[in-house]
There are 2 protein chains.
Amino acid sequence: MYYRMICAALIALAIALLLGPGLIRYLKKLHFGQTIYELGPSHQQKQGTPVMGGLMIAAGILAASLICHPIPWSGEWDFILPLLAVSFLSMAVGFADDYIKAVKKRHDGLKPMQKIAGQIIVSLGFSLYCYFSPKVGSCIQIPFTGLEWDLGVFYIPVMTLLVIFIVNSSNLQDGLDGLLSTVTTVSSASWAVICLILLVSARAADSADTTTVGVFAMSMVGACIGFLRFNRYPAKTFMGDTGSMLLGGGTVAMALLLRQPLLLLLSFFTPIMSSVSVIMQRYYFKLTHGKRIFLMSPIHHHFEKKGYSETQIVSMYAGITMILSLIAIVSVCAMQ
Amino acid sequence: MYYRMICAALIALAIALLLGPGLIRYLKKLHFGQTIYELGPSHQQKQGTPVMGGLMIAAGILAASLICHPIPWSGEWDFILPLLAVSFLSMAVGFADDYIKAVKKRHDGLKPMQKIAGQIIVSLGFSLYCYFSPKVGSCIQIPFTGLEWDLGVFYIPVMTLLVIFIVNSSNLQDGLDGLLSTVTTVSSASWAVICLILLVSARAADSADTTTVGVFAMSMVGACIGFLRFNRYPAKTFMGDTGSMLLGGGTVAMALLLRQPLLLLLSFFTPIMSSVSVIMQRYYFKLTHGKRIFLMSPIHHHFEKKGYSETQIVSMYAGITMILSLIAIVSVCAMQ
C-alpha cells in the first residue's frame, strides 16, 4: 500500500527524465517555440524555447498513477478515474490553446469563451461527481477545527468556481523558469504526506481511495522533479498551458476528493496569489482610472521589475510554499 | 501539541530574517570575509563574502525550540537538552575554526587534532547519553522491515563515529551558494513530518519527546528558509563551519533520538555522498598513484567543473533529497 507511492514517484520521475530530451527535440522541430509578446519584463531572449513540455509531466503522471493504482479498475466510484479526468481534460483545454498559438501561429489561441466553456464543462462535471459520490459528498472539512461544513446543494456551484479558479491560478503562476513546477513539487509532496497521515490514522475502509490519491500526488512530485531537470533556469522548455492546467487540475482534484479544498489556501497559496494579484490590479486600475498597485501582475512579474532575479523569486515562492504546506500537514494531524 | 511545531517554524523564520541584515553588516565590519583559496572552481569573486552567517540559523533554532518546547525543563531525561547540546557544541567547534580563519586571519584554522578531539567529545558524550537513556537505548530501527536491531554495547562506538561522520559530511556539502541550506530545509521538513506521523499513530506516553524533536525539526526548517533569503545564489553570506556543523549536529541528533539513524542514508543522502566522494577520490588517488575518479571532490565541485551552474546543482540536490525524504517518510508509515 505504502510502497506503491514510492514506485509512483520513481516511475513518473524516470519517464519525465527519459522522455525529456526527445520531446524537446521533437517540439523544436515542429516549431512549437513560445512566441513572447511582452508577457513579462524583458524576456525576449526566451523566444524560441519550445512550449508544451508539460506533455512529459502528463506522460509521467498517467503511466505512474495507472501502474501503481491500488485496485484494478472495477467500474465503481473509484478515485483514479476522476483524478485523471479532471487533470487531463483541463490539460486538453490548455493543449488546444498552446497548439493553436504555437503550430497554427495564431496569437490569440482559443477564444476566451471557448476556454471558459471547456473549463466549465470539466469543473461542473467533477463537482457533480463529488456531490453524488458517497465517498465525497457535500461536506468539506474546516482546517484547524475538526469541524465539517455541509454546503448542501451549494457545493456544486462553489466547487465549480473553485476548480476553474485554481486551474487558472496555476496557469497564471506559470510565468518564470521553474516557478510553477517547483511550487507544485512542494505542494504535491504535502498532499502525498497528508494521504500518508490519513492512512496511518484511518479506518481500513477507505484506505484504497486514500492510497489512490497518494499515488497520484507522488506521481505529480516525480513528474515535476523530472520536468524541472529541463525547466529550471535557464529553461530548455516551458510546460505551457498544457502543463499548468494539468497541474492545477490535478491539485484541485486531490483537494476535493480528500474533502480538504480549504487547505488549498495554504499549500497552493502562491498560485492563488497570482490570480488575486491580477484581479486586484484590474479592479484598482478601473476604480482609480489608471493607477496600479503592482508594477506588473501577476505578482511574480512585480518582483521581477523590482529587481529580483528569476531564481530568487522561485526560491522565495518555494520557501513560502514549504512553510505553508507544513502548516497544512500539521492541521491535518491535529484533526485526527 | 501540533501547533507548537508551526510556531517553532514561524519564530525561527522571523528571527533569521530579522537578524540577517544586521548580522551581515556586523560581520563585514569585523572583516569576517571568507578568504577563498582555490577551494572550488573559479570562486574568486566570492572573496569578501562574510562567513558565520550560520549564527542567524543558530539564533532562530535556539529561540524557537526553547519557546515552543512542550515541557518546561524538569531535569529529567528531556530531549531538548541533548538536541541543543549536540548541535551547539558541534557548532562551537566550527565557530572556533571560522573565528581563527576569519578574524585571526590564520589560514589553517583549528589544527585537525583539535577539531577531531572536540568532535569526539561531543559525539561520544551523546552516544553515551542515548545508550543509557531509557527512551533511546541500544536498539535502532531498520527501515522498511519494522525490525529492531540491538547493537548492544557496540552502539556507543558506532554512533560516535556516525555523529562525527554526519557533522563532517554536512561541513563538506557546504560549498555552493544555498546548497546545504536547501538540502537541510528539505531533510528537516521530512524529520518534522516523521515526528507528526509518529504522533498521529503513537501511544500518548512518549508524545512529549516526539513533539520536542518535531519542534526542533521545524525550527531548523524555519531558520534555514530564513537563512536562504541571504544565502541563495548570489550569496550575501555563507554559513561557514559554524552553520554547517550546527545543521549536521542537529540532524544526526534527531535521527538518533528517534532511533532512526539508518534513515539518514535517505534524507541526508547528498551530504553523505559529499563525504563518500572525498574518501573515494583520496583512496583511488593513492591506489592508482595519481589518478582521479572525479574532476574535483566533494562531488558538487565535480558537477561544477562539468559545466553545471551553482543553481542547477542546488536544484538537482534538492530534487534528489525530496524524493529520498519522501521514501523515508513512507518507510516510517509502513512501520506503524
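Residues numbered from 1 in each chain as written. Chains lettered and ligands numbered in written order. Predicted model: local features only at pLDDT ≥ 70, side-chain atom pairs only at ≥ 80, totals over all residues. Heavy atoms only, no water.

A.B. asks: Report on the relation of the copies chain B and chain A, specifying residues and quantitative values.
C.D. replies: Mapping chain B onto chain A leaves a residual RMSD of 0.0 Å; the transformation is a rotation of 180 degrees accompanied by 0.0 Å of translation along its axis. What we have between these two chains is a two-fold relation. (Least-squares fit on C-alpha atoms with pLDDT ≥ 70 in both.)

A.B. asks: Requested: an account of the interface of chain B and chain A, with residues and values cited.
C.D. replies: On the side of chain A, 37 residues touch chain B, which itself brings 37 residues to the contact. Between chain B and chain A, roughly 3,200 Å² of surface is buried when both sides are summed, and carbon and sulfur atoms account for 81% of that area. Of all residues in chain B, Arg232, Ile323 and Val330 of chain B bury the most surface against chain A, accounting for 18% of the area lost on that side. Summed over the shared surface of chain B and chain A, the number is zero salt bridges. Those elements that place two or more of their residues in the side of chain B that touches chain A are helix H1 (2-29), helix H6 (179-201), helix H7 (207-231) and helix H12 (310-334) of chain B. In terms of residue count, H12 of chain B provides more of the side of chain B that touches chain A than any other element does, 13 residues in total. (Contact = heavy atoms within 4.5 Å. Buried area = accessible area lost by both parts, 1.4 Å probe. Salt bridge = Lys/Arg side-chain N within 4 Å of Asp/Glu carboxyl O. Helix = DSSP H or I, 4+ residues; strand = E, 2+ residues; numbered from the N terminus.)

A.B. asks: Quick one: what's the story with the confidence of the model for chain A, residue by residue and with numbers?
C.D. replies: Looking at chain A, pLDDT values average 85 and 91% of them are 70 or higher. Interface scoring of the predicted complex returns ipTM 0.85; its pTM is 0.89. (pLDDT = per-residue confidence, 0-100.)

A.B. asks: So, the nonpolar core: which residues are in play, and what are the values?
C.D. replies: Counting residues in hydrophobic clusters, the biggest one holds 190 residues, and the most contacted among them are Phe126 and Trp191 of chain A together with Ile61, Phe126 and Trp191 of chain B. Setting aside chain neighbours within four positions, we find Phe126 of chain B in contact with Pro82, Val86, Val163, Val252, Ala253, Leu256 and Leu257 of chain B. (Core = buried A, V, L, I, M, F, W, Y, C linked by side-chain atoms within 4.5 Å. Buried < 20%, exposed > 50% of the residue type's maximum accessible area, 1.4 Å probe, protein only.)

A.B. asks: Please set out the packing of helix H5 (residues 155-173) of chain A against helix H8 (residues 240-257) of chain A residue by residue, giving values where relevant.
C.D. replies: Residue and element names in this part refer to chain A. Between H5 and H8, the shortest axis-to-axis distance is 7 Å and the interhelical angle comes to 145 degrees. For the pair H5 and H8, the sense of crossing is right-handed. Counting all contacts with H5, which are made through Tyr155, Met159, Leu162, Val163, Ile166, Val167, Asn168, Ser170 and Asn171, the residues of H8 involved are Asp241, Ser244, Met245, Leu247, Gly248, Gly249, Val252 and Leu256. A per-class count over the contact of H5 with H8 returns ten nonpolar, six polar and one charged. (Axes fitted to C-alpha atoms, helices over the stretch in contact; angles between N-to-C directions. Left-handed = near helix turned anticlockwise from the far one by under 90°. Nonpolar A, V, L, I, M, F, W, Y, C, P; charged D, E, K, R; others polar.)

A.B. asks: Summarise the pairing of strand E2 (residues 147-150) of chain A; cite the residues concerned and give the values.
C.D. replies: Residues and elements named next belong to chain A. Both strand E1 (residues 139-142) and E2 contribute to a ladder of four bridges, which runs antiparallel. Bridge pairing in E2 places Ile140 opposite Trp149. Hairpin connection between E1 and E2: a loop of four residues separates the two successive antiparallel strands, and Phe144 in this loop has a positive phi of roughly 75 degrees. (Pairing = 2+ DSSP bridges.)

A.B. asks: Quick one: what's the story with the pattern of salt bridges, residue by residue and with numbers?
C.D. replies: Residue and element names in this part refer to chain A. Applying the stated criterion across every chain yields a total of eight salt bridges over all chains. With a shortest N-O distance of 3.1 Å, Asp97 and Lys115 are connected by a salt bridge. Of this pair, Asp97 sits in helix H3 (residues 80-102) while Lys115 is found in helix H4 (residues 112-132), placing the two residues 18 residues apart along the sequence. Lys115 shares its class with Asp97; the two are buried.

A.B. asks: Explain the packing of aromatic side chains residue by residue, including any values.
C.D. replies: In total, this model carries 14 aromatic pairs over all chains according to the counting rule given. Seen from their ring centres, Phe126 of chain B and Tyr129 of chain B are 6.4 Å apart, and the 10 degrees between their planes marks the pair as stacked. Placement of both Phe126 of chain B and Tyr129 of chain B in helix H4 (residues 112-132) is noted, with a separation of three residues, approximately one turn of the helix. Across this residue pair, the class does not change: Phe126 of chain B and Tyr129 of chain B are buried. With a centroid separation of 6.5 Å and 85 degrees between ring planes, the pair formed by Phe303 of chain B and Tyr317 of chain B is classed as edge-to-face. Residue Phe303 of chain B is found in helix H11 (residues 299-305), and its partner Tyr317 of chain B is found in helix H12; the two are separated by 14 residues along the sequence. Of the aromatic side chains, those joined through ring pairs into one cluster are Tyr131, Phe132 and Tyr155 of chain A. A cation sits over an aromatic face here: Lys135 of chain A above Phe79 of chain A, 5.9 Å from the ring centre. (Phe/Tyr/Trp six-rings, centres within 6.5 Å; stacked < 30°, edge-to-face > 60°. Lys NZ or Arg CZ within 6 Å of the ring centre and 35° of its normal.)

A.B. asks: Let's hear about unusual backbone geometry: which residues, and what values?
C.D. replies: All names here are of chain A. Of note, the phi angle at Phe144 is positive, near 75 degrees, even though the residue is not glycine. Structurally, Phe144 is set in the loop between E1 and E2. Of note, the phi angle at Arg259 is positive, near 60 degrees, even though the residue is not glycine. Within the element layout of this structure, Arg259 appears in the loop between H8 and helix H9 (264-267). On the basis of relative accessibility, which here comes to 22%, the residue Arg259 falls in the partly exposed class.

A.B. asks: Pulling in residues and values, what's your account of the packing of helix H1 (residues 2-29) of chain A against H12 of chain B?
C.D. replies: Between H1 of chain A and H12 of chain B, the least distance of the axes is 8 Å, while the angle of their chain directions is 165 degrees. The angle between the axes of H1 of chain A and H12 of chain B places the two elements in the roughly antiparallel class. At the point where H1 of chain A passes H12 of chain B, the crossing takes the left-handed sense. Residue-level inspection shows Tyr2, Tyr3, Ile6, Ala9, Leu10 and Leu13 of chain A of H1 of chain A in contact with H12 of chain B, the latter providing Ile323, Ile327, Val330, Cys333 and Ala334 of chain B. (Parallel < 35°, antiparallel > 145°, perpendicular 65-115°, else oblique.)

A.B. asks: Now, about a nonpolar patch on the surface: what can you tell me, with residues and values included?
C.D. replies: Nonpolar side chains collect at one region of the surface, where Ile116, Ile120, Leu124, Leu128 and Phe132 of chain A lie side by side and expose about 410 Å² of accessible area between them. Within the fold, Phe132 of chain A resides in helix H4. (Patch = residues over 30% accessible without salt bridge, like charges linked within 9 Å, V, L, I, M, F, W, Y side chains within 5 Å. Areas by Shrake-Rupley, 256 points an atom, 1.4 Å probe, with all protein chains shown as cover.)

A.B. asks: Just give me the short version of the environment of Ser267 of chain A, but keep the residues and values in it.
C.D. replies: All names here are of chain A. Inspection of the secondary structure assignment puts Ser267 in helix H9. Ser267 sits in the buried class, given a relative accessible area of 1%. Each C-alpha atom, one on Ser267 and one on Ser190, is 7.4 Å from the other, the two residues being 77 residues apart in sequence. Ser267 has contacts with Ser187, Ser190, Trp191, Thr321 and Ser325, leaving out every residue within four places of it along the chain.

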